[in-house]
Amino acid sequence: MERRAILALVLVGLGGCKQLLGFDDPTIAPDAEPAADDGYLSGTRLKLKWNDYSGTRQFVSVYDADFDETCQPTVWSDGATYCMPRTGGVSYTDAACTQPIGAKFHQNPCIPQPRFFAAIEALACNEVRRTKLFRSAGLQASVPFYTRNASGGCDGPNPGTSFDEFRLTAEVPTTDLVDLTPTTEAMGRLARRGFHGSDGSRLPFDVYDTTLDTPCALSTSGTCAPTGASPLGFEDASCNLAVAARLTGCPTPKYGARARRPGCPDQTLDFFALGPELDTSSLYQRDSSNVCVGSAQSPGYMYFGQGMAVLPATLARTVDTAPGRQIQRVYFTDAMAKLRTAMLFDTLHGTDCFTVGGRCLPSDASAQTYYTSILCNTAVDVAIVFSGPPACGLPPAPRYAIKSTAGANACEATYEVFPVGAPHPGMVFARSADGLMCSPLSIQGSVVYDLGKPIDASEFATSTVITDP
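Scoring rules and cut-offs
- Residues numbered from 1 in each chain as written.
- Predicted model: local features only at pLDDT ≥ 70, side-chain atom pairs only at ≥ 80, totals over all residues.
- Heavy atoms only, no water.
- Helix = DSSP H or I, 4+ residues; strand = E, 2+ residues; numbered from the N terminus.
- Rg over C-alpha atoms; globule rule 2.2 N^0.38 Å.
- Buried < 20%, exposed > 50% of the residue type's maximum accessible area, 1.4 Å probe, protein only.
- Contact = heavy atoms within 4.5 Å.
- Areas by Shrake-Rupley, 256 points an atom, 1.4 Å probe, with all protein chains shown as cover.
- Pairing = 2+ DSSP bridges.
- Axes fitted to C-alpha atoms, helices over the stretch in contact; angles between N-to-C directions.
- Core = buried A, V, L, I, M, F, W, Y, C linked by side-chain atoms within 4.5 Å.

Asks: Can you walk me through the overall build of the protein chain in this structure?
Replies: Counting its secondary structure elements, the protein chain contains zero helices and 39 strands. In summary, the protein chain has a C-alpha radius of gyration of 25 Å against a globular reference of 23 Å for 469 residues, a match within 12%. Taken along the three principal axes of its C-alpha coordinates, the protein chain extends 65 × 60 × 55 Å. In the protein chain, which comprises 469 residues, the share counted as buried stands at 41%. Counting contacts in the protein chain only where the partners sit at least 6 residues apart, residues at least 24 apart contribute 57% of the total. Here the protein chain has roughly 23200 Å² of accessible surface; of this, 54% comes from carbon and sulfur atoms.

Here you go:
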């Protein structure tokens with residue numbers, strides 16, 4: 001029998017969004033069914049945590065059983081990668097930065113205080129690496145403190161009044177962490193890059209496009225978008241020739257991106273190789289009305305023009321059909337690769353869903369409360385959907401909208417889900433923050449939809465968080 005599984009990877013995609021990916025991997029022991037665990041593999045110390053929807057499992061995080069803490073792959077100053085626990089930052093009580101303490105902004109009481117703190121060194125191009133790790137020995141009275149700057153100097157003092165401060169124990173050596181070895185496996189045009197842990201675990205990383213010679217991020221449309229320079233305006237007064245930028249002195253990026261329909265909500269991107277560095281004192285941007293206007297360069301950046309168009313890898317969407325399950329996995333496949341995003345599919349409601357507040361909820365739009373009269377005395381829940389300039393046309397109407405509500409436990413978010421109806425026929429009004437004024441809501445470039453009655457929460461599948469033994 002062919003040995004098959006799916007290796008799931010987490011990466012930071014465009015916009016900073018985390019995404020879950022999976023791949024065929026014949027080297028991992030077979031599952032009871034294909035892709036039952038996406039190919040993640042727990043080790044003797046690093047254990048995988050999952051959202052489980054009656055057999056459909058979705059990766060959540062990596063748990064370090066020895067430290068009783070979640071951890072993630074982190075590069076250290078020695079160039080090695082370790083699975084490092086959740087940490088706060090290290091500061092110092094002396095002007096020479098030799099007496100370390102832990103310091104963290106006063107935070108939401110629902111978030112546990114960190115039990116580890118890490119010192120970092122700042123490198124070029126906004127890169128940082130960890131240099132030391134300490135355990136917390138508990139809170140201490142706040143005192144003024146100092147921090148290391150990017151040049152290695154000691155800055156301060158900070159009065160410390162807005163921080164929780166912690167005593168630290170002796171340094172935790174890297175030999176107490178799980179060492180992670182990078183691995184790369186080909187899947188045709190795409191390659192998976194991940195880690196094998198020294199405890200036998202397999203952990204996520206990213207996807208590499210070998211044709212474009214760059215990492216890429218899988219979107220929910222099935223495009224694996226090449227990473228590269230951020231869009232940063234145009235070089236011509238018609239806003240047709242895109243410009244990309246990177247910090248001066250950093251490695252020259254390979255690719256840039258531009259919106260296919262600027263100002264429109266679909267956010268489809270076209271990608272291009274970068275042209276030569278630009279030597280220009282003026283750039284152009286589209287303003288809120290989508291008009292092309294002049295814009296100054298940002299100090300500290302180098303700019304590149306738009307070169308030849310490039311085509312990203314594109315994969316086809318498919319949905320699992322496991323019998324008896326309301327929630328199914330969504331995959332994107334080509335001839336060689338099989339990838340996953342964080343998206344799931346709710347067969348009862350016929351829509352994609354994401355894990356929100358412990359349930360798989362559709363997230364087409366958000367519900368907000370406004371008013372139907374200038375007196376702000378009749379509340380109405382609506383969904384406001386960005387449509388952009390008239391030339392964009394109306395986007396597809398969302399099917400559902402979700403609204404955050406106050407639950408019995410202040411630290412556990414709860415949500416209501418509404419079916420989305422027809423466009424709202426009249427104006428809506430908003431109350432000022434102090435409650436003294438009621439004004440018409442400006443919704444230019446958006447469509448306001450009425451909502452139906454909330455759907456019973458029991459219709460939406462609830463996940464159980466489980467940890468591998």
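Once the structure has been displayed, the description carries forward.
Asks: How should I be thinking about the sheet that holds strand β30 (residues 351-356) in this particular structure?
Replies: Strand pairing in a sheet takes place through backbone hydrogen bonds and is either antiparallel or parallel in direction. Within the open sheet, the five strands sit side by side as β27-β28-β29-β30-β31. Their pairing is antiparallel. Where the open sheet ends on each side, the last strands, each with one partner, are β27 (316-319) and β31 (359-361). The mean inter-strand angle of the sheet, taken between neighbouring strand axes irrespective of direction, is 45°. Pairing of strand β28 (residues 327-333) with strand β29 (residues 338-346) involves six bridges; the strand directions are antiparallel.

Asks: Explanation requested: the nonpolar core in the structure shown.
Replies: In summary, soluble globular proteins display a tendency toward joint burial of nonpolar side chains. One finds Leu-190, Leu-315, Phe-332, Ala-337 and Leu-339 to be the most contacted residues of the largest nonpolar core, which totals 14 residues. Elements with a minimum of two residues in this core: β17 (214-218), β28 and β29. By size, the runner-up hydrophobic cluster in this structure holds twelve residues, among which are Leu-48, Phe-59, Cys-71 and Leu-203.

Asks: Whenever I open this one, the sheet that holds strand β16 (residues 202-209) confuses me. Can you help?
Replies: Strands sit in the order β26-β18-β17-β16-β15-β14-β6-β5-β4-β3-β39 across an open sheet of eleven strands; the sheet is antiparallel. At either end of the open sheet lies a strand with only one pairing partner, and these are β26 (313-314) and β39 (464-467). The pairing of strand β6 (residues 81-85) with strand β14 (residues 178-187) spans three bridges and is classified as antiparallel. Across the sheet, residue Cys-83 finds its bridge partner in β14, namely Val-178.

Structural measurements only, silent on function.
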